[in-house]
Structures are given as structure tokens and as C-alpha cells.
Amino acid sequence: MAADQMLPGACESGSALIVDRVVLIQRDARYDHASEETRLAVEVHLRDGSTVRTELVLEPAQLYAVGIQVERALSARERARSVVPR
């Protein structure tokens with residue numbers, strides 16, 4: 001969900017809940033063999049300053065896509081760190 005998208009519902013003031021960012025909580029991912037879903041603990045930070053703890057649920061294809069994206073990001077980070085300033 002992009003930062004500008006709104007969650008269904010509204011906060012106590014009646015304004016829409018808008019996600020600012022989603023942060024992984026440092027816990028092991030859980031895999032459910034029956035549903036073939038992987039669950040990651042996350043904390044959703046809202047623009048009003050509140051937070052909600054929930055899970056990011058990934059189906060197999062999504063899990064593989066995230067894995068590829070993370071590998072690319074790690075490789076880019078390593079390449080950037082290995083560049084020697086001139």
C-alpha cells in the first residue's frame with residue numbers, strides 16, 4: 001500500500017486513516033504449509049502518529065518476488081559500499 005492510500009475506516013476525529021510507512025518487526029517469518037502463506041510481523045505507522053501491529057501475508061509468488069527484490073537491493077548496497085571515494 002502506498003503512503004498516499006487510505007485504510008478503510010476513519011480515526012476518532014472522523015478523518016481518513018492514511019499510512020505513512022510499514023516497518024518490519026524483528027521476528028522470524030512464519031510459514032503456514034496448509035495455506036502456503038508466509039507471514040511477517042509489521043508495524044503500520046499512520047500519519048496521525050498512531051501505529052498498528054499486524055502481519056504482512058505473502059502468497060508463494062509474492063514471497064518469491066519480494067525475495068528477488070531484496071536480493072537486488074542487497075547487491076546494490078554492497079556495490080555502493082565497495083566504491084572507493086576518489
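Residues numbered from 1 in each chain as written. Predicted model: local features only at pLDDT ≥ 70, side-chain atom pairs only at ≥ 80, totals over all residues. Heavy atoms only, no water.

Novice: Where do I start with the side chain of E37 in this structure?
Specialist: By the secondary structure assignment, E37 is in strand β4 (residues 37-46). Overall, E37 belongs to the buried group, its relative accessible area being 18%. Polar contacts involving the side chain of E37 include one to the side chain of R39, which spans 3.1 Å. When residues no more than four places from it in sequence are discounted, the contact partners of E37 are R30, Y31, D32, V57 and L58. (Helix = DSSP H or I, 4+ residues; strand = E, 2+ residues; numbered from the N terminus. Buried < 20%, exposed > 50% of the residue type's maximum accessible area, 1.4 Å probe, protein only. Polar contact = N/O pair within 3.5 Å; in protein donor to acceptor, adjacent residues only side chain to side chain. Contact = heavy atoms within 4.5 Å.)

Novice: What is the right way to look at unusual backbone geometry in this model?
Specialist: Note: most peptide bonds trans; most residues except glycine with negative phi. Unlike most non-glycine residues, E36 shows phi in positive territory, near 60°. Tracing the backbone through its elements, the reader meets E36 in the loop between β3 (30-32) and β4.

Novice: Is there a simple way to think about a nonpolar patch on the surface in this case?
Specialist: A cluster of nonpolar side chains, contributed by V66, V70 and L74, occupies part of the molecular surface with about 220 Å² of accessible area. Residue L74 is classed as partly exposed on the basis of its relative accessible area of 45%. (Patch = residues over 30% accessible without salt bridge, like charges linked within 9 Å, V, L, I, M, F, W, Y side chains within 5 Å. Areas by Shrake-Rupley, 256 points an atom, 1.4 Å probe, with all protein chains shown as cover. Salt bridge = Lys/Arg side-chain N within 4 Å of Asp/Glu carboxyl O.)

Novice: Explain the pairing of β4 to me, please; I cannot follow it from the model alone.
Specialist: Looking along a regular strand, one sees the side chains alternate between the two faces of the sheet. Among the 10 residues that make up β4, 8 are buried, leaving the element largely enclosed by the rest of the structure. When strand β2 (residues 16-24) meets β4, the two strands line up antiparallel, connected through 5 bridges. Directly across from L24, in β4, lies its bridge partner V42. Bridge count for β3 against β4 is 3 bridges, and the pairing is antiparallel. Its bridge partner lying in β4, Y31 is registered against T38. (Pairing = 2+ DSSP bridges.)

Novice: What should I look at first to understand the side chain of H45 in this one?
Specialist: Tracing the sequence through the fold places H45 in strand β4. Judged by its relative accessible area of 15%, H45 is buried. There is a polar contact of 3.2 Å between the side chain of H45 and the side chain of E43. Beyond its immediate stretch of four places on either side in the chain, H45 contacts V19, D20, R21, V23, S50 and T51.

Novice: Help me understand the pattern of salt bridges in this model?
Specialist: Two side chains bearing opposite charge may form a pair once their charged atoms approach each other closely. Tallied over the full model, the rule gives 6 salt bridges. Note that E37 and R39 form a salt bridge whose closest N and O atoms lie 3.1 Å from each other. Overall, the relative accessible area of 24% leaves R39 in the partly exposed class. The salt bridge partner of E43 is R53, with a shortest N-O separation of 3.3 Å. Taken as a pair, E43 in strand β4 and R53 in strand β5 (residues 51-58) lie far apart in primary sequence, 10 residues in all.

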